[in-house]
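One-letter residues, chain by chain:
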Amino acid sequence: MRKILKKNLMLEIEKCEFDLKNMFNKPVIRLYHYHEWDHGYYSCEGYNGTRREFYKDLEEMVDFLYEYMNFYNIEKVIIAPLHRFNIFAWKGDMEKDDRYNDIYRETIELLKKNDVRRDSQSGIEIEIKGNRKIIEMVLEGAYRYVLELCLFFPDKSVIVEPTHHFDLTFFVKKFEEQKSSIKQLINKYTNIRYYEYVSKESN
């Protein structure tokens, strides 16, 4: 586990030919859970289920992501806000908010461990093996609208962004290859839906 300074992170982004200011101007793959939670289990929007259901669905999304990473033999990932620019989704005092302070404190602990400020745009590189709890934290934090972190796989030129809509958005360079692989992988995940977006600018 190590800190990746913003300037070095941007060099990796440049090598992959990503334009962080215009991420949706290229074809995008979005996977979402059929329950379609919105802002987590405290929200009145989206699917209105129990906390147990939320964490069961979260585990399913993490399982898929690990299957994807194993399929591509991905060993490391860089966690960073990238085009979202902020680690935390909002500026309120989450430390004092019982709805969010658990995932907030867990994230702060990870940042401190790697000497990353909460207002930083630096990244943290971690090994995939042995760090499932960190991957879960990134997804859970996004799904509960606490975090705006992305998962960057520079060796594959792929950025995966989880959002409060309980999804995984894939920004990729090899769209057709990724599309084929992802559709194949989600076949056994009957609760995960596939959607693709192609903007007019990318045609």
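Per chain, residue numbering runs from 1 following the sequence as it is written. The model is predicted, so local features are restricted to residues of pLDDT at least 70 and side-chain atom pairs to those at 80 or more, both for listing and for counting; the totals for chains, interfaces and linings are taken over all residues. Excluding hydrogens and water, the side-chain figures rest on all heavy atoms present in the structure.

Topic: the overall build of the protein chain
Keep this limit in mind: Segments assigned H or I by DSSP are reported as helices when at least four residues long, segments assigned E as strands when at least two residues long, and all are numbered from the N terminus. For each residue, the accessible area found with a 1.4 Å probe, counting protein chains only, is set against the maximum for its type, and the residue is called buried under 20%, exposed over 50%, and partly exposed in between. In what follows, a contact means two residues having at least one pair of non-hydrogen atoms within 4.5 Å. Here the Shrake-Rupley method, with its probe set to 1.4 Å, supplies the accessible areas, and only the displayed protein chains count as covering residues. His is not counted, nor are the chain ends, whereas Lys and Arg count as positive and Asp and Glu as negative. Charge positions are represented by NZ for Lys, CZ for Arg, CG for Asp and CD for Glu.
The number of helices and strands found in the protein chain is five helices and eight strands. The order of helices and strands in the protein chain, counted from the N terminus, is β-α-β-α-β-α-β-α-β-β-β-α-β. C-alpha atoms of the protein chain, sized along the principal axes, occupy 45 × 40 × 35 Å. Expressed as a percentage of the 203 residues in the protein chain, the buried residues total 52%. In the protein chain, once contacts between residues fewer than 6 apart in sequence are set aside, the share between residues at least 24 apart is 74%. On the protein chain, roughly 10,800 Å² of surface is accessible, and the fraction owed to carbon and sulfur atoms is 45%. Side-chain charges of the protein chain comprise 33 positive and 35 negative groups, with the mean position of each set lying 3 Å from the other.

Looking at the pattern of salt bridges
Spelled out, the test is: Any carboxyl oxygen of Asp or Glu within 4 Å of a side-chain nitrogen of Lys or Arg constitutes a salt bridge here.
For the structure on display, the rule yields 15 salt bridges. Between Lys15 and Glu12 there is a salt bridge whose closest N-O contact spans 3.5 Å. Placement of both Lys15 and Glu12 in helix α1 (residues 6-15) is noted, with a separation of three residues, approximately one turn of the helix. The class of Lys15 is exposed, set by a relative accessible area of 62%. A residue is classified by how much of its surface remains accessible, and Glu12, at 26% relative accessible area, is partly exposed. Note that Arg132 and Asp63 form a salt bridge whose closest N and O atoms lie 2.6 Å from each other. In this pair, Arg132 sits in helix α4 (residues 132-143) while Asp63 sits in helix α2 (residues 51-71), placing the two residues 69 residues apart along the sequence. A residue is classified by how much of its surface remains accessible, and Arg132, at 27% relative accessible area, is partly exposed. Within the structure, one salt-bridge network assembled from shared partners comprises Asp63, Arg132 and Glu136.

Looking at a nonpolar patch on the surface
Stated formally: Without a salt bridge and with relative accessible area above 30%, a residue can belong to a patch; like charges are then joined within 9 Å and nonpolar side chains (Val, Leu, Ile, Met, Phe, Trp, Tyr) within 5 Å.
Where nonpolar side chains cluster on the molecular surface, the patch consists of Phe24, Tyr195 and Tyr197 and spans about 310 Å² of accessible area. Along the polypeptide, Phe24 turns up in the loop between α1 and β2 (28-33).

Some points on the packing of aromatic side chains
What counts is decided by this rule: The rule is short: rings of Phe, Tyr and Trp, with Trp giving its six-membered ring, pair when the centres are within 6.5 Å, and they are stacked under 30 degrees, edge-to-face over 60, tilted in between.
Inspection of every chain in the model, using the stated rule, returns 16 aromatic pairs. Measuring from centroid to centroid gives 6.4 Å for Tyr68 and Phe153, while their planes differ by 45 degrees, and the two rings are tilted. Of this pair, Tyr68 sits in helix α2 while Phe153 sits in strand β5 (residues 150-153), and the two are 85 residues apart along the sequence. As far as burial versus exposure is concerned, Tyr68 and Phe153 are alike and both buried. Measuring from ring centre to ring centre gives 5.1 Å for Phe71 and Tyr72, while their planes differ by 80 degrees; the resulting arrangement is edge-to-face.

A word on the nonpolar core
Threshold: In plain words, nonpolar cores are sets of buried Ala, Val, Leu, Ile, Met, Phe, Trp, Tyr and Cys residues tied together by side-chain atoms within 4.5 Å.
Residues Phe64, Tyr68, Leu139, Leu151 and Phe170 are the most contacted members of the largest nonpolar core, which totals 54 residues. With nine residues, the single largest contributor to this core is α2. Once residues within four sequence positions are removed from consideration, Leu139 is found in contact with Leu58, Met61, Val62, Leu65, Leu151, Pro162 and Leu168. Counting residues in hydrophobic clusters, the runner-up holds 15 residues, among them Ile4, Ile13, Phe18 and Cys150.

Brief notes about the environment of Thr169
Topologically, Thr169 is positioned in strand β7 (residues 167-172). For the pair Thr169 and Val28, spaced 141 residues apart in sequence, the C-alpha to C-alpha distance is 7.0 Å. The residues contacting Thr169, other than those within four sequence positions of it, are Val28, Ile29, Arg30, Ile159, Val160 and Glu161.

Structural notes on the packing of α2 against α4
Put simply, the test is: Axis definition: a line fitted to C-alpha atoms, over the contacting stretch in the case of helices. Angles run 0 to 180 degrees between N-to-C directions. Note on angle classes: values under 35 degrees are labelled roughly parallel, values over 145 roughly antiparallel, values of 65 to 115 roughly perpendicular, and the remainder oblique. By the definition used in this description, the sense in which the near helix is turned from the far one sets the handedness, with an anticlockwise turn below a right angle giving left-handed and a clockwise turn giving right-handed. Just so you know the grouping, Ala, Val, Leu, Ile, Met, Phe, Trp, Tyr, Cys and Pro go in nonpolar, Asp, Glu, Lys and Arg go in charged, and all remaining residues, Gly too, go in polar.
Put simply, α2 and α4 touch, their axes get as near as 10 Å, and they point 125 degrees apart. When the axes of α2 and α4 are compared, the pair comes out oblique. Remark: the crossing between α2 and α4 carries right-handed chirality. Contact with α2, carried on its side by Phe54, Tyr55, Leu58, Glu59, Met61, Val62, Asp63, Leu65 and Tyr66, involves Arg132, Ile135, Glu136, Leu139, Glu140 and Tyr143 of α4 and no other residues of that element. Partitioning the contact of α2 with α4 into residue classes produces 10 nonpolar, no polar and five charged.

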